[in-house]
Amino acid sequence: MKLRNRKKAGAVADHTGEGDIVLSAHDITVSFADKVILDKLSLDIRRGEILGFVGASGAGKSVLLRTILGLTRKQSGTIKLFGLDIEKASEVERLRVDMRLGVLFQHGALFSALTVLENVQVPMREYLDLPKKLMDELAMLKVELVGLPPDAAHKFPSELSGGMIKRAALARALALDPDIVFLDEPTSGLDPISAAEFDELVVKLRDTMDLTVYMVTHDLDTLFTACDRVAVLGNKKVLVEGTIDDMLKSEEPWVKSYFRGKRARQLDLAARA
Ligand SMILES: Nc1ncnc2c1ncn2[C@@H]1O[C@H](COP(=O)(O)OP(=O)(O)O)[C@@H](O)[C@H]1O
Ligand SMILES: [Mg+2]
C-alpha cells in the first residue's frame, strides 16, 4: 500500500501535467428550464488531494456533482475522468471509469431494508460477479476500514447512530476500492466530535489508500483541518480556488465573510496555535 501524507500530496499538487489531474470539468453549463445554475464552470482535481468544495446553499454544488457523475444533463462543457472524456467513451470504458468512483450522496443514506454489510455489497453486486462468501469477506473489510465495530455489519441503519451511518455510507462508497470518492456534505447533521472523527478518517483513508477526495462541505472545521485545497462556488462558477491561506487572503466578499467571520477566525487561531 502506498503511503501519502499531506506534505507529499501538496508536492503532487504542484504538478500540472495531465497525468496528475484525476478530474477535469471544463466550461460546464447546466440549467433547469431557463434557470442557469452553472455557467461555464471549470474545475480540476489533482491526484491525492482532498478538495473542499464550498458555496452558499442552493448555489449548485450537488448539481455539479451529479453532472460530473453523468446523472444530470449539462448544456455544454467537457468532463474528463482519468483523462477520458466521458461523453466520448465507449460503454466498456465508461464502466471501467464508473468502477473507479465512489460516491456518498448528500441525501443518499443507506437502504433501510438492508443491513450495513448488504448495503456495502450493493456496488459489488452491480459491478462484480463474486461468490457470496468472498463478498461477505470483502464487505467486512470495508466495515472495519471505516472504523465500525464488526457487529455493526449485521445491523440495520435504524439501529445506528448518525456518525455510524455516515461511516457505513463511506464503506459503501469504498466498496470497489475507488481512486476518487465524492462526498456530498458528509458531516452535515453530525455533532462536532463525530464530524471531526469522520474528517480524520477521510484523511487517514486518503493517506493509506492513495485516494483523491472531492468533498462538498459547509463545515469550516473540515475545511481548516482536512482539505488541501478549497474551491468556492459563486455566481455560477468557481469564484476562487486555493489553499486555506488563499481563502483567508481573498477579498472576494462572500469568501471574506465566510472565511473571516468570527467562527473562522477562532478556527484559524486554533490551527496556528
Ligand atoms: N433536478 C432539478 N430540477 C430543477 N432544479 C433543480 C434540480 N436540481 C437542483 N435544482 C436547483 O438547482 C439549484 C442548486 O441546487 P443544489 O446543487 O442542490 O444546491 P447546493 O449547492 O445546496 O448543493 C437549486 O436552486 C435547486 O433548486
Ligand atoms: Mg447540496
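Because the structure is a prediction, the values reported are computed rather than measured.

Caption draft 1: Representation of the coordination of the magnesium ion (ligand 2) within the structure. Taken together, the protein ligands of the magnesium ion (ligand 2) are Ser 62 (OG) and Gln 106 (OE1), with distances of 2.1 to 2.2 Å. Here the residue Ser 62 occupies a position in helix α2 (residues 61-68), and Gln 106 occupies one in the loop between β6 (101-104) and α4 (116-127), the gap between them amounting to 44 residues. Accessibility expressed as a relative area gives 23% for Ser 62, which makes it partly exposed.

Caption draft 2: Geometry of the packing of aromatic side chains. If you walk through the whole model with that rule in mind, you get four aromatic pairs. Geometrically, the ring pair formed by Phe 53 and Tyr 214 is tilted, given 5.7 Å between the ring centres and 35 degrees between the ring planes. Pair noted here: Phe 53 is in strand β3 (residues 50-55) and Tyr 214 is in strand β8 (residues 212-216), with a separation of 161 residues, a long-range link. The class of Phe 53 is buried, set by a relative accessible area of 0%. Note on Trp 254 and Tyr 258: the rings are 4.7 Å apart at their centroids and 15 degrees apart in plane angle, and the pair reads as stacked.

Caption draft 3: Region of the structure containing the environment of Trp 254. Along the chain, the position of Trp 254 falls in helix α10 (residues 253-259). Trp 254 gets classed as partly exposed once you look at its relative accessible area, which sits at 27%. Separated by 199 residues in sequence, Trp 254 and Gly 55 place their C-alpha atoms 8.7 Å apart. Apart from the residues within four sequence positions on either side, Trp 254 is in contact with Val 54, Gly 55, Ala 56 and Val 232.

Caption draft 4: Region of the structure containing the environment of Ala 56. In this structure, Ala 56 sits in the loop between β3 and α2. What makes Ala 56 partly exposed here is its relative accessible area of 34%. Other than its neighbours up to four places away in sequence, Ala 56 contacts Lys 61, Leu 233 and Trp 254.

Caption draft 5: Spotlight on the pattern of salt bridges. Here the structure, examined in full by the defined rule, presents 15 salt bridges. Lys 155 is paired through a salt bridge with Asp 151; the nearest N and O atoms lie 3.8 Å apart. Classification of Lys 155 as partly exposed rests on a relative accessible area of 27%. Residue Asp 151 is classed as partly exposed on the basis of its relative accessible area, which comes to 47%. A salt bridge links Arg 206 to Asp 207; the shortest N-O distance between them is 2.9 Å. Accessibility expressed as a relative area gives 18% for Asp 207, which makes it buried.

Caption draft 6: Geometry of the sheet that holds strand β7 (residues 180-184). Pairing in this open sheet of six strands is mixed, and the strands run β6-β7-β8-β3-β9-β10 from one edge to the other. Only two strands of the sheet have a single partner each, and these edge strands are β6 and β10 (237-242). The mean angle between the axes of side-by-side strands here comes to 15 degrees, regardless of whether they run parallel or antiparallel. The sheet contact formed by β3 and strand β9 (residues 229-234) spans five bridges and is parallel. Within β9, the position partnered with Val 54 by the bridge is Val 232. Sheet contacts for helix α6 (residues 162-173): β6 and β7; angle to β6, the most-contacted strand, approximately 160 degrees.

Caption draft 7: Local environment of the pairing of strand β4 (residues 76-81). Inspection of the sheet shows strand β1 (residues 21-32) paired to β4 by five bridges, in the antiparallel sense. Bridged to Thr 29 within β4 is Ser 76. In this sheet, strand β5 (residues 84-85) lies alongside β4 in antiparallel orientation, the contact comprising two bridges. Residue Lys 80 lies in a different strand from β5, and its bridge partner there is Asp 85. Following β4, the chain reverses through two residues before pairing antiparallel with β5; Phe 82 in that reversal takes a positive phi of roughly 55 degrees.

Caption draft 8: Main features of the nonpolar core. Ranked by size, the top nonpolar core spans 52 residues in total, and within it Leu 170, Leu 183, Leu 223 and Phe 259 carry the most contacts. Here the element with the most residues in this core is helix α7 (residues 192-209); it accounts for seven residues. One finds Ile 45, Leu 51, Leu 65 and Leu 81 within the second-largest nonpolar core, a separate group that totals 30 residues.

Analysis parameters
- Residues numbered from 1 in each chain as written.
- Chains lettered and ligands numbered in written order.
- Predicted model: local features only at pLDDT ≥ 70, side-chain atom pairs only at ≥ 80, totals over all residues.
- Heavy atoms only, no water.
- Donors = N, O, S within 2.8 Å, 3.2 Å for Na, K, Ca; no water.
- Helix = DSSP H or I, 4+ residues; strand = E, 2+ residues; numbered from the N terminus.
- Buried < 20%, exposed > 50% of the residue type's maximum accessible area, 1.4 Å probe, protein only.
- Phe/Tyr/Trp six-rings, centres within 6.5 Å; stacked < 30°, edge-to-face > 60°.
- Contact = heavy atoms within 4.5 Å.
- Salt bridge = Lys/Arg side-chain N within 4 Å of Asp/Glu carboxyl O.
- Pairing = 2+ DSSP bridges.
- Axes fitted to C-alpha atoms, helices over the stretch in contact; angles between N-to-C directions.
- Core = buried A, V, L, I, M, F, W, Y, C linked by side-chain atoms within 4.5 Å.

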